[in-house]
Amino acid sequence: MRKTKSKTKLKPKHLSGGCQCGAVRYRIPRPIQWVHYCHCRMCQKAMGNVFAALAPAPKSAIVWTRGKPKIFRSSSAAERGFCAKCGTPLTFAYVDSKNLNVSIGSLDDPGAVAPDRHVGTEAQLPWLRLADDLPKSGTDVAALKRHFPKFQNHQHPDHDTRAWPPRRRTAP
């Protein structure tokens, strides 16, 4: 009797990924929920693209298997991780969140997860048309300001400046 090989490919228990040069690697457990496209201007600039595609997982469940990302505090509310060696954008997280979002493009198998919603759509580029009917929502700025009453944006504005960062004025 001859054994036949199953054509069914089992999904591994974990997803893995990392940066372009391999200096930073991670592993996260399945399943991933609330995978999303973020169109907000901060994500556009952080990813150097028209949106971010992000997959969240509990911070406590992510295992850094080689190196760790360098962190940029893009605002008083959020941090973004990237490879200090090659610059690959890797993560996004609100500072007080229990979740860390990894960039889908940094996964070894980016096809293993699929976004199920769009967020930050107030900044979605007018010429971008994605052929899906996923739910869409804007950034809840009022909720963000309630949660972070002293919210400060640390990213460079969308125009040239004489110097950056701006000098802080001191009280006389």
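Note that the structure is a prediction, hence the values are computed from the model and not measured.

Examining unusual backbone geometry
- Non-glycine residue W34 carries a positive phi angle of around 65 degrees.
- By secondary structure assignment, the location of W34 is in the loop between strand 2 (25-29) and strand 3 (36-38).

Looking at the nonpolar core
- Ranked by size, the top nonpolar core spans 14 residues in total, and within it I28, I32, I62, V102, L107 and V113 carry the most contacts.
- Contributions of two or more residues to this core are made by strand 2, strand 4 (52-58) and strand 9 (99-103).
- With residues up to four places along the chain from it excluded, the contact list for I28 reads H14, L15, A57, A61, I62, V102 and L107.
- Counting nine residues, the second-largest nonpolar core is a separate cluster that includes M42, C43, L54 and V119.

With respect to the sheet that holds strand 1 (residues 14-18)
- Strand order across the open sheet formed by three strands is 1-2-5, with antiparallel pairing between neighbours. The open sheet is flanked by strand 1 and strand 5 (63-66), the only strands paired with a single partner. If you compare each strand with its neighbour and ignore which way they point, the axes differ by 25 degrees on average.
- With five bridges connecting them, strand 1 and strand 2 associate as antiparallel partners. Paired with H14 across the bridge in strand 2 is P29.

Here is what the cut-offs are and how they apply
Residues numbered from 1 in each chain as written. Predicted model: local features only at pLDDT ≥ 70, side-chain atom pairs only at ≥ 80, totals over all residues. Heavy atoms only, no water. Helix = DSSP H or I, 4+ residues; strand = E, 2+ residues; numbered from the N terminus. Core = buried A, V, L, I, M, F, W, Y, C linked by side-chain atoms within 4.5 Å. Buried < 20%, exposed > 50% of the residue type's maximum accessible area, 1.4 Å probe, protein only. Contact = heavy atoms within 4.5 Å. Pairing = 2+ DSSP bridges. Axes fitted to C-alpha atoms, helices over the stretch in contact; angles between N-to-C directions.

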